[in-house]
Amino acid sequence: MEREGETTIAGVAPATPRRYSLSFWEVTTASGVVLGFLVGLLCVYLTMPQSDYSFLKLPRNLQDLQILRDNLEIYTSDYTVQVLVGYCLVYVFMQTFMIPGTVFMSLLAGALFGVIKGMALVVSTATAGASSCFFLSKLIGRPLIFSLWPDKLIFFQDQVARRKDGLLNYMLFLRLTPTLPNTFINVASPIVDVPYHIFFLATFIGLIPAAYVTVRAGIALGELKSVGDLYDFSSVATLFLIGVLSVTPTLISKKKV
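Quick look at the structure, then. Residue indices begin from 1 for each chain and proceed along its sequence in written order. In view of the model being predicted, local features appear only for residues whose pLDDT reaches at least 70, and side-chain atom pairs are presented and counted only at 80 or more, with totals across whole chains, interfaces and linings using the full set of residues. Values shown for side chains rest on all heavy atoms present in the structure; no hydrogens or waters enter the calculation.

**Let's talk about the overall build of the chain**
Thinking step 1. Where helices and strands are cited, they refer to DSSP runs of H or I of at least four residues and of E of at least two residues respectively, numbered from the N terminus. Helix and strand counts for the chain stand at 11 helices and zero strands.
Thinking step 2. Moving toward the C terminus, one meets the helices and strands of the chain in the order α-α-α-α-α-α-α-α-α-α-α.
Thinking step 3. For the chain, buried positions account for 44% of its 257 residues.
Thinking step 4. The contact rule is simple, with two residues in contact once any of their heavy atoms fall within 4.5 Å. Intrachain contacts of the chain at a sequence separation of at least 6 include 77% that bridge at least 24 residues. Each residue's exposure class comes from its accessible area (1.4 Å probe, protein chains only) as a fraction of the maximum for that residue type: buried when under 20%, exposed when over 50%, partly exposed otherwise.

**Things to note about unusual backbone geometry**
Thinking step 1. The phi dihedral of Met98 falls on the positive side, at around 55°, and the residue is not glycine.
Thinking step 2. Its place among the elements puts Met98 in the loop between helix 3 (80–96) and helix 4 (102–140).

**Comments concerning the packing of helix 1 (residues 24–46) against helix 3**
Thinking step 1. The contact between helix 1 and helix 3 brings their axes to 9 Å, and the two run at 160°. Relative to helix 3, the element helix 1 lies roughly antiparallel. Crossing hand, helix 1 versus helix 3: left-handed. Where helix 1 abuts helix 3, its residues Val34, Phe37, Gly40, Leu41 and Val44 lie against Gln82, Val85, Gly86, Leu89, Val90, Val92, Phe93 and Thr96.
Thinking step 2. Here the term charged refers only to Asp, Glu, Lys and Arg, the term nonpolar to Ala, Val, Leu, Ile, Met, Phe, Trp, Tyr, Cys and Pro, and the term polar to all other amino acids, Gly among them. Looking at the contact of helix 1 with helix 3, its residues break down into nine nonpolar, four polar and no charged. Where helices are involved, their axes are fitted lines through C-alpha atoms of the stretch in contact, as for all axes, and angles between N-to-C directions lie from 0 to 180°. Relative orientations are named as follows: roughly parallel for angles under 35 degrees, roughly antiparallel for angles over 145 degrees, roughly perpendicular for angles from 65 to 115 degrees, and oblique for any other angle. Left-handed describes a crossing whose near helix is turned anticlockwise from the far helix through less than a right angle; right-handed describes the clockwise counterpart.

**Quick notes on the layout of surface pockets**
Unoccupied space between atoms shows up once a probe the size of one water molecule is rolled over them.
Thinking step 1. Of the grid points, spaced at 1 Å and generated over the protein atoms alone, those admitting a 1.4 Å probe that cannot get out make up cavities, while open sets with protein on both sides within 12 Å along at least five of seven lines make up pockets; any residue with an atom within 4 Å of a point is treated as lining. Grid points are joined across faces, edges and corners, and a volume is the space filled by probe spheres set on the points. In this structure, the second largest pocket encloses a volume near 430 Å³.
Thinking step 2. Along its surface, the second largest pocket is lined by 20 residues, and Leu56, Leu72, Gly86, Tyr87 and Val90 are the ones closest to its centre.
Thinking step 3. Breaking the lining of the second largest pocket down by element, the ones donating at least two residues are helix 1, helix 2 (62–76), helix 3 and helix 4.
Thinking step 4. No other element matches the five residues that helix 3 contributes to the lining of the second largest pocket.
Thinking step 5. Residue classes in the lining of the second largest pocket are distributed as 17 nonpolar, two polar and one charged.

**A short note on the side chain of Thr177**
Thinking step 1. Mapped onto the elements, Thr177 comes out in the loop between helix 7 (167–176) and helix 8 (182–188).
Thinking step 2. Any pair of nitrogen or oxygen atoms within 3.5 Å is treated as a polar contact; in protein, a donor-acceptor pairing is required on top of that, and neighbouring residues in sequence qualify only through side-chain atoms on both sides. At 2.7 Å, the side chain of Thr177 and the backbone oxygen of Phe173 are in polar contact.
Thinking step 3. Only 2.9 Å separates the side chain of Thr177 from the side chain of Thr179, close enough to count as a polar contact.

**Concerning the nonpolar core**
Thinking step 1. If you look at the biggest cluster of nonpolar residues, it comprises 30 residues, and the most contacted ones within it are Leu62, Leu65, Tyr87, Leu107, Leu108 and Val122.
Thinking step 2. Residue assignment for this core shows that the elements contributing at least two residues are helix 2, helix 3, helix 4 and helix 10 (208–219).
Thinking step 3. Counting residues per element, this core draws most heavily on helix 4, which supplies 12 residues.
Thinking step 4. In this structure, Leu65 is in contact with Pro59, Phe104, Leu107, Leu108 and Leu221, ignoring residues within four places of it in sequence.
Thinking step 5. To form a nonpolar core, buried Ala, Val, Leu, Ile, Met, Phe, Trp, Tyr and Cys residues must be joined to one another through side-chain atoms within 4.5 Å. Residues Met171, Phe173, Val187 and Ile198 belong to the second largest nonpolar core, which totals 25 residues.

**With respect to helix 1**
Thinking step 1. For helix 1, with 23 residues, the first-to-last C-alpha span of 32 Å sits near the 33 Å given by 1.5 Å per residue.
Thinking step 2. Ala30, Phe37, Gly40 and Val44 are the residues of helix 1 that are buried.
Thinking step 3. Close packing links the buried residues of helix 1 with helix 3 and helix 4. Expected helix span is taken as 1.5 Å per residue step, with the number of steps being one fewer than the number of residues.

**As for the packing of aromatic side chains**
Thinking step 1. The rule is short: rings of Phe, Tyr and Trp, with Trp giving its six-membered ring, pair when the centres are within 6.5 Å, and they are stacked under 30 degrees, edge-to-face over 60, tilted in between. Enumeration according to the criterion identifies 17 aromatic pairs in this entry.
Thinking step 2. Each ring, one from Phe55 and one from Tyr75, has its centre 6.5 Å from the other, and the planes form 20°; the classification is stacked. With Phe55 in the loop between helix 1 and helix 2 and Tyr75 in helix 2, this residue pair connects regions lying 20 residues apart in the sequence. A single burial state applies to Phe55 and to Tyr75, both of which are buried.
Thinking step 3. Site record: aromatic cluster; members linked through ring pairs are Phe134, Phe135, Tyr196, Phe199, Phe200 and Phe204.

**Considering a nonpolar patch on the surface**
Thinking step 1. There is a patch of nonpolar side chains on the surface, built from Phe200, Leu201, Phe204, Ile205 and Ile208 and spanning about 390 Å² of accessible area.
Thinking step 2. No other element matches helix 9 (residues 196–206), which puts four residues into the nonpolar patch.
Thinking step 3. Secondary-structure assignment places Phe200 in helix 9.
Thinking step 4. For Phe200, a relative accessible area of 33% puts it in the partly exposed group. For patch detection, residues must exceed 30% relative accessible area and be free of salt bridges, and they are connected within 9 Å for like charges or within 5 Å for nonpolar side chains (Val, Leu, Ile, Met, Phe, Trp, Tyr). Methods summary: accessible areas were calculated by the Shrake-Rupley approach with a probe of 1.4 Å, and residue burial reflects only the protein chains presented. Here a salt bridge means any side-chain nitrogen of Lys or Arg lying within 4 Å of a carboxyl oxygen belonging to Asp or Glu.

See below:
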């Protein structure tokens, strides 16, 4: 029996603890996606010259990132296509499977390609990765999100249902502010029936300000002491202000009604 005040989604109570389990076909689908990324990376590797690539690993701190930047700079001019394809595959893979560390990849884009090219690269790959996560979650994400974020899912479902008429503005607000984690938004959006075109536009547009901050910081990578230096008070306040402005039209239209 449903308790008073409890919200259900698609006939299931998210607050109810449930085991994370996937069917054979769901596991096969996820494995196929992983295999596709690995094959792509292998193709990039085979087209590169013979060398010591022990430096190639996902950066977990600024020191790892600086080592990766110093080594990749050698190949960027002569093997630009391979570096770009490899970068895109890794970034999209990390976004698809919610692997932490994309902030370091964004810094790397600035360090290797500059502000304009770096921003275009980060925004496009981040949007592609979020879209990949969206569709993968649509196929197999329901058990995972019910298991990991039941309370957040109830909140998100309620907000989406209330803001159907101004959903793009609300999704922009979420992308521009830390109200909900981007990883959660990517996984939960198809579960709560956010239309993909809304998700895509909000992601593409909403990621631009943060991408600019991170990519610009990557140009002066040696001056960063920690990742926390990226988002000082003024940067966070600016992003939050842009987020508030994005939902203002929705609030005004509701008052007029």
